[in-house]
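# Survey of secondary and tertiary structure
The chain contents come next:
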Number of protein chains: 2
Amino acid sequence: MSKNGNMSDDNTVKTSMVTCTAPVNIAVIKYWGKRNEELILPINSSLSVTLHQDQLKTTTTVATSRSFEEDRIWLNGKEEDINHPRLQSCLREIRRLARKRRNITNSDFDVAGLSYKVHICSINNFPTAAGLASSAAGFACLVYTLAHVFGVEGELSAIARQGSGSACRSMYGGFVQWILGEQEDGKDSLAQQVEPESHWPELRILVLVVSADRKPIGSTSGMQTSVKTSLLLKVHGKPQHCYTSIPQSKCLITHALQHRAECVVPKRMEDMIEAVCKKDFSTFAELSMKDSNQFHATCLDTYPPIFYLSSVSHQIINVVHRYNKHYGETRVAYTFDAGPNAVIFTLEQHVPEFVQVIKHFFPSESNGAKFIKGIQVNDTILSEELKQDIGLEPMSNQISYIISTKVGPGPRVVEDCSQHLLGSDGMPKKTH
Amino acid sequence: MSKNGNMSDDNTVKTSMVTCTAPVNIAVIKYWGKRNEELILPINSSLSVTLHQDQLKTTTTVATSRSFEEDRIWLNGKEEDINHPRLQSCLREIRRLARKRRNITNSDFDVAGLSYKVHICSINNFPTAAGLASSAAGFACLVYTLAHVFGVEGELSAIARQGSGSACRSMYGGFVQWILGEQEDGKDSLAQQVEPESHWPELRILVLVVSADRKPIGSTSGMQTSVKTSLLLKVHGKPQHCYTSIPQSKCLITHALQHRAECVVPKRMEDMIEAVCKKDFSTFAELSMKDSNQFHATCLDTYPPIFYLSSVSHQIINVVHRYNKHYGETRVAYTFDAGPNAVIFTLEQHVPEFVQVIKHFFPSESNGAKFIKGIQVNDTILSEELKQDIGLEPMSNQISYIISTKVGPGPRVVEDCSQHLLGSDGMPKKTH
């Protein structure tokens, strides 16, 4: 086949555009501690629940064109540095796989499309204030979209992992485990679906978005604020002391992390997978709470210590335990990532009452109907006994709103071309 | 020697009264986890600093008289149940030692004085709000006073330990270690002075008393409030899940505690003792902070989790780390026990500035000159650079006051009879 053979058609077609969406995931067995910083290989397996994209998703459009002069990226309306190392890892890996795939098909194959530059545009449908790990959805969406643009199929979670560790879990819907793996090159450190999103329809999720009542000032805090404004910086600004192998001299938790990885997590993963498969809510809930607490304990045991839980988080934790105690069974669970916002798991039947409990103990004066976003929640009345058993003084205006959601599917291709974030000129549309 | 021999004089003398004082101690290597609940044997050694009694002390008067019909105890003006098991342990042990001692001297010896009932009256010179471990000073003072009443000499810390573990460390001044011990009967689980109070005169201590801004209500919280009101209840109400061997089924930290006890503490004790001996402030400070953080991490990793650190505590921790960072050396350390109040260690030369830092970042609107209690602290002016480097938004009215103190001596007999807390009728004086 000559170089100017039947692939010349393909060359013109390659000015293509693909838009995809990807979900946020919430770990219930937490990932922290890396054995390889560069490849993002964890020291323990983890397990997450994929949240529904009706409420929380990243949308990414990737365009390739012979006319593009360089790779470019826009995140939430702002152009960012394409040379970010983890972004480069993902681009390089996808292009390498695409090349490999074509070489297998035909070693003489023209790979011109692959040498085209890409324009990437990505937005989240949830505010940064929600404190959710946007980098996971962001890198999952990027890798999924790039793969579609370059015609790469198959296992992509190991590539997403190299963008942001937890991004590999956002490559699947439902209940997803990220298997630790054993190989040095990380090829077996992959995400795998444990159960699909349809498995446990009664399971419901509430994101309690805590008010940012106190703005830190000064240079150090200023930087901390700025890291929240972009996906790339967010990855840079990630609490490395928590998610990272900590220098032994700096922190005694290295031992504890090792211990956790070797002795605690393997059993917890087993128990958690069994709980998910059996839809055993109370086991699922208790393991989630314990693992969240252990994560935050680890952060506190670093030096200097890191606090993600605020007094509002503490109060949410107390409310959950007292609510469960009132009923003599575990009906509600919390989990917290690197921030004060709670992610609550409960069963559909308990949602109205627990939301009412939150409204009662965290009254919001100004927000009214907008307090609940997402899946509708009916009003209900709390018994005096329940209020008394919880018995905490209400904290006003400390929770901004609740996102009511459920378990959802993995990344999707958006077929409707009007949804592309890039115009035919390859530049971000003004509306975004 | 007949029963009515020359000891009859002694019998009349035995209507005696002794008043002693004992200090509070603050652990810098924390004690938690027991290997024997009954004897209060710890799973790791610990090390504390004895605070000066000019600022913080318990005073106890013990009277014995043939006319007393039963053992009785008054704590901070209120009669309490003498049958509290740990109180009984101390009384029984002291009486046993006294009897043994007399039997050695003369096996025919009349021990009538020992069969007399005791009246005990005890007060603290610091408010419960200070959140300091009053049970340590309380039991140390009780044992020390009983020993003087019954003429018992020698090692008393193993008896105080049976009242409240950390009480054994309040039996000595200066820097005190509580040695874990190996024996099953706990005879070698003793406190020992590492250095006397005169060893490090530059070392200064500030107790930052955090405001109780939020009163929990309801039955559970109500109980928690009531346990703070008496020494006995305080011992009962102690966070057993933290200081105690935790049921394996309930809490994964058991492993972590064991690990800490075996792998972390032995080295830390060695390093801490060396730092104290050498007066190496930065090592002393860093070990103190790390050990405090590890303690609170453990509390968070219990199930359900326990929070002692409030947002104010977090802010104090941040201020300390940023203050040290500004100077590029560790000038100030914090440690926290089972509550939000901070105990700060620093050197005399840094006290005025650090107090000014606290006044700046925790302004108190109403308290003025009374903000500092105890050893006088001179005013000073903070540089703008320092304020900017700390760079946190001030939290108003969150610290009630500061107790300014230093390392102090162990228990003392009060020679001035007018200081007895019991009148000649053996009943508490009205003034107390």
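Only a predicted model underlies this, so the values are computations on that prediction, with no experimental measurement involved.

### Examining the sheet that holds strand E12 (residues 203-210) of chain A
By definition, the strands of a sheet pair up through backbone hydrogen bonds, in either a parallel or an antiparallel sense. All names here are of chain A. With mixed pairing, five strands are arranged side by side in an open sheet as E13-E14-E12-E16-E15. Two strands bound the open sheet, and with one partner strand each, they are strand E13 (332-336) and strand E15 (372-374). The mean inter-strand angle of the sheet, taken between neighbouring strand axes irrespective of direction, is 25°. Pairing between E15 and strand E16 (residues 399-406): three bridges, direction parallel. Among the inter-strand pairings, Ile-372 is bridged to a residue of E16, identified as Ile-402. This element, helix H12 (residues 351-361), spans E12, E13, strand E14 (342-347), E15 and E16 of the sheet and lies at about 10° to E12.

### Focus: the packing of helix H11 (residues 311-327) of chain A against H12(A)
All names here are of chain A. Relative orientation of the contacting elements H11 and H12 amounts to 130°, with a least axis distance of 12 Å. If you check the angle between H11 and H12, you find them oblique. Crossing hand, H11 versus H12: right-handed. Of the residues in H12, those in contact with Val-319, Val-320, Tyr-323 and Tyr-327 of H11 are Glu-353, Phe-354, Val-357 and Phe-361. Here the residues of the contact of H11 with H12 sort into seven nonpolar, no polar and one charged.

### A word on the packing of aromatic side chains
What the rule picks out here adds up to 22 aromatic pairs over all chains. With a centroid separation of 5.2 Å and an interplanar angle of 85°, the aromatic rings of Phe284(B) and Phe345(B) are classed as edge-to-face. In this pair, Phe284(B) sits in helix H10 (residues 281-300) while Phe345(B) sits in strand E14 (residues 342-347), placing the two residues 61 residues apart along the sequence. The same class applies to Phe284(B) and to Phe345(B), which are both buried. Cluster of aromatic residues (ring-pair linked, three or more members): Phe175(A), Trp200(A), Phe281(A), Phe284(A) and Phe345(A). Here the guanidinium or amino end of Arg331(B) rests over the ring plane of Tyr327(B), the centre of that ring lying 3.7 Å away.

### A look at helix H10 (residues 281-300) of chain A
For an α-helix the count is 3.6 residues per turn, leaving residues at separations of three or four pointing the same way. Taking 1.5 Å as the rise per residue, H10(A) with 20 residues should run 28 Å; its terminal C-alpha atoms sit 29 Å apart, in good agreement. Among the 20 residues in H10(A), 17 count as buried, and that is most of the element.

### A short note on the layout of surface pockets
Residues and elements named next belong to chain A. In this model, the second largest pocket occupies a volume close to 290 Å³. For the second largest pocket, the lining is made up of 14 residues, of which Glu-93, Arg-96, Ala-158, Ile-159 and Lys-187 are closest to its centre. For the lining of the second largest pocket, the elements supplying multiple residues, two or more each, are helix H2 (85-105) and helix H5 (157-163).

### Here we look at empty space enclosed by the protein
In this structure the tally under the stated criterion is 11 cavities of 30 Å³ or more. Size it by volume and the second largest cavity reaches roughly 140 Å³. In terms of lining, the second largest cavity is formed by 15 residues, of which the most central are Leu300(A), His314(A), Leu300(B), Phe307(B) and His314(B). At the level of secondary structure, the elements contributing two or more residues to the lining of the second largest cavity comprise H10 of chain A together with H10 of chain B. If you tally residues by element for the lining of the second largest cavity, the top one is H10(B), at three residues. Looking at the lining of the second largest cavity, its residues break down into 11 nonpolar, four polar and no charged.

### Re helix H4 (residues 134-149) of chain A
All names here are of chain A. Between its first and last C-alpha, H4 extends 22 Å over 16 residues, near the 22 Å set by a 1.5 Å rise per residue. Burial within H4 is extensive, with 15 of its 16 residues counted as buried. Note on H4: the residue one or two positions beyond its end, Gly-151, has a positive phi of about 65°.

### Some details on the confidence of the model for chain A
All names here are of chain A. Of the residues in chain A, 82% reach a pLDDT of 70 or more, and the chain-wide mean stands at 85. Counted against residues more than four places away or in other chains, residues 1-13, with its pLDDT under 50, gives nine contacts. A low-confidence stretch, residues 214-253 (pLDDT under 50), is modelled with 83 contacts involving residues beyond four sequence positions or located in other chains.

### Quick notes on the pattern of salt bridges
All names here are of chain B. Enumeration over the complete set of coordinates arrives at 32 salt bridges over all chains. Between Glu-93 and Arg-96 there is a salt bridge, with its nearest N and O atoms 2.9 Å apart. Of this pair, Glu-93 and Arg-96 both sit in helix H2 (residues 85-105), three residues apart, which is roughly one turn of the helix. Among the ionic pairs, Lys-278 bridges to Glu-274, the shortest N-O distance being 2.7 Å. Here the residue Lys-278 and the residue Glu-274 both occupy positions in helix H9 (residues 253-278), the gap between them amounting to four residues, near one helical turn. We classify Lys-278 as exposed; its relative accessible area is 56%.

Conventions adopted
- Counting restarts for each chain: residues are numbered from 1 in the order of the written sequence.
- Chain A is the first chain written and ligand 1 is the first ligand written, with later ones labelled in order.
- Only residues with pLDDT of 70 or above have their local features reported here, since the model is predicted, and side-chain atom pairs are shown and tallied only from 80 upward, although totals for entire chains, interfaces and linings are computed over all residues.
- Only heavy atoms go into the side-chain values, all of them from the structure, while hydrogens and water stay out.
- Strand pairing is defined by DSSP finding a minimum of two bridges between the two strands.
- Per the convention used, a helix needs a DSSP run of H or I reaching at least four residues, while a strand needs a run of E reaching at least two, with both numbered from the N terminus.
- Structural elements are reduced to axes, namely lines fitted to C-alpha atoms, with helices fitted over the stretch in contact, and the angle between N-to-C directions of any two is expressed from 0 to 180 degrees.
- Residues are treated as being in contact if the distance between any of their heavy atoms lies within 4.5 Å.
- Here the angle decides the label: under 35 degrees means roughly parallel, over 145 means roughly antiparallel, 65 to 115 means roughly perpendicular, and every other value means oblique.
- Less than a right angle of anticlockwise turn of the near helix away from the far helix marks a crossing as left-handed, whereas a clockwise turn marks it as right-handed.
- Residues are grouped as follows: Ala, Val, Leu, Ile, Met, Phe, Trp, Tyr, Cys and Pro are nonpolar; Asp, Glu, Lys and Arg are charged; every other residue, Gly included, is polar.
- Pairs were defined over the aromatic rings of Phe, Tyr and Trp, the Trp ring being its six-membered one, requiring ring centres within 6.5 Å. Orientation was assigned from the angle between planes: stacked under 30 degrees, edge-to-face over 60, tilted for the rest.
- Think of it in three bands: residues with accessible area under 20% of the maximum for their type are buried, residues over 50% are exposed, and the middle band is partly exposed, with areas taken using a 1.4 Å probe on protein chains only.
- Any Lys NZ or Arg CZ found within 6 Å of a ring centre and within 35 degrees of that ring's normal is scored as a charge over the ring.
- Each residue after the first adds 1.5 Å to the expected span of a helix.
- Throughout, the protein atoms alone are placed on a 1 Å grid, and a set of points is a cavity if a 1.4 Å probe fits but cannot get out or a pocket if it is open with protein on both sides within 12 Å along at least five of seven lines; lining residues have an atom within 4 Å of a point.
- Grid points are joined across faces, edges and corners, and a volume is the space filled by probe spheres set on the points.
- Per-residue confidence from the predictor is reported as pLDDT, which spans 0 to 100.
- By convention in these notes, a salt bridge is any Lys or Arg side-chain nitrogen within 4 Å of a carboxyl oxygen on Asp or Glu.

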